[in-house]
Amino acid sequence: MAAISNNAQYKIFFDVDYTLLGVDGSLRPNARDALQRLVDDGHQIYVWSGNGIRWRDIRKHELESLVVDCIEKPVTDYANAVSTMDIKPDLVVDDHLEIVAALGGVWARTYYFPNSKDNEMEDIFRVITEWAQTGASDDPRFRAPSRY
Ligand SMILES: [Mg+2]
């Protein structure tokens, strides 16, 4: 059953390396569950990477049913690069602060090594949901989206 929600619904672009996956390619704890709940709330999940189009990783972790598309992430001049894209992020989730500051989103704690106690995906879900419900978040790692 679909989640009942009055949330605004957004295109949310997730980074791959050190955001969803560790250095060994393992999936961050609770990533699938958090992405599933975002989808249930009506959001559209995109996966982008500066290291190419990552369907192989997404399929390896059986996330393909949750992801609308995998695309190439600009690595510089983010706002200008995004302005030329047909589909633009409403919010980005990335361990690299510069792109979050440029486009708006959630600055994710860097995930290098497998750590079953990592709870970041839950924090990310909470911040996104707060923003979708209220239009803002007081979380220090939240950056309000810019309009381009
Ligand atoms: Mg990264």
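Residues numbered from 1 in each chain as written. Predicted model: local features only at pLDDT ≥ 70, side-chain atom pairs only at ≥ 80, totals over all residues. Heavy atoms only, no water.

If you trace the backbone, Asn-119 turns up in the loop between β5 (105-107) and α5 (120-134). Sequence separation between Asn-119 and Asn-30 is 89 residues; the distance between their C-alpha atoms is 7.6 Å. (Helix = DSSP H or I, 4+ residues; strand = E, 2+ residues; numbered from the N terminus.)

Another aspect to go through is the coordination of the magnesium ion. Around a metal, the ideal angle is 109.5 degrees if four donors adopt a tetrahedral arrangement and 90 or 180 degrees if six donors adopt an octahedral arrangement. Looking at the magnesium ion, the protein donor atoms are Asp-15 (OD), Asp-17 (O) and Asp-95 (OD), and they sit 2.1 to 2.2 Å from it. Coordination of the magnesium ion draws on donor residues from a single chain, spaced D-x1-D-x77-D in sequence. With a relative accessible area of 5%, Asp-15 lands in the buried category. (Donors = N, O, S within 2.8 Å, 3.2 Å for Na, K, Ca; no water. Buried < 20%, exposed > 50% of the residue type's maximum accessible area, 1.4 Å probe, protein only.)

Along strand β4 (residues 91-94), one buried face is formed by Leu-91 and Val-93 and the opposite face, lined by Val-92 and Asp-94, is buried too. As paired elements, strand β1 (residues 11-14) and β4 share three bridges and run parallel to each other. Following the sheet pairing, Phe-14 is matched in β4 by Val-93. Here β4 pairs with β5 via three bridges, running parallel. Among the inter-strand pairings, Val-92 is bridged to a residue of β5, identified as Gly-105. For the crossover that starts at β4, traverses helix α4 (residues 97-103) and ends in the parallel β5, the hand is right-handed. (Pairing = 2+ DSSP bridges. Right-handed = clockwise from strand over helix to strand, strands pointing away.)

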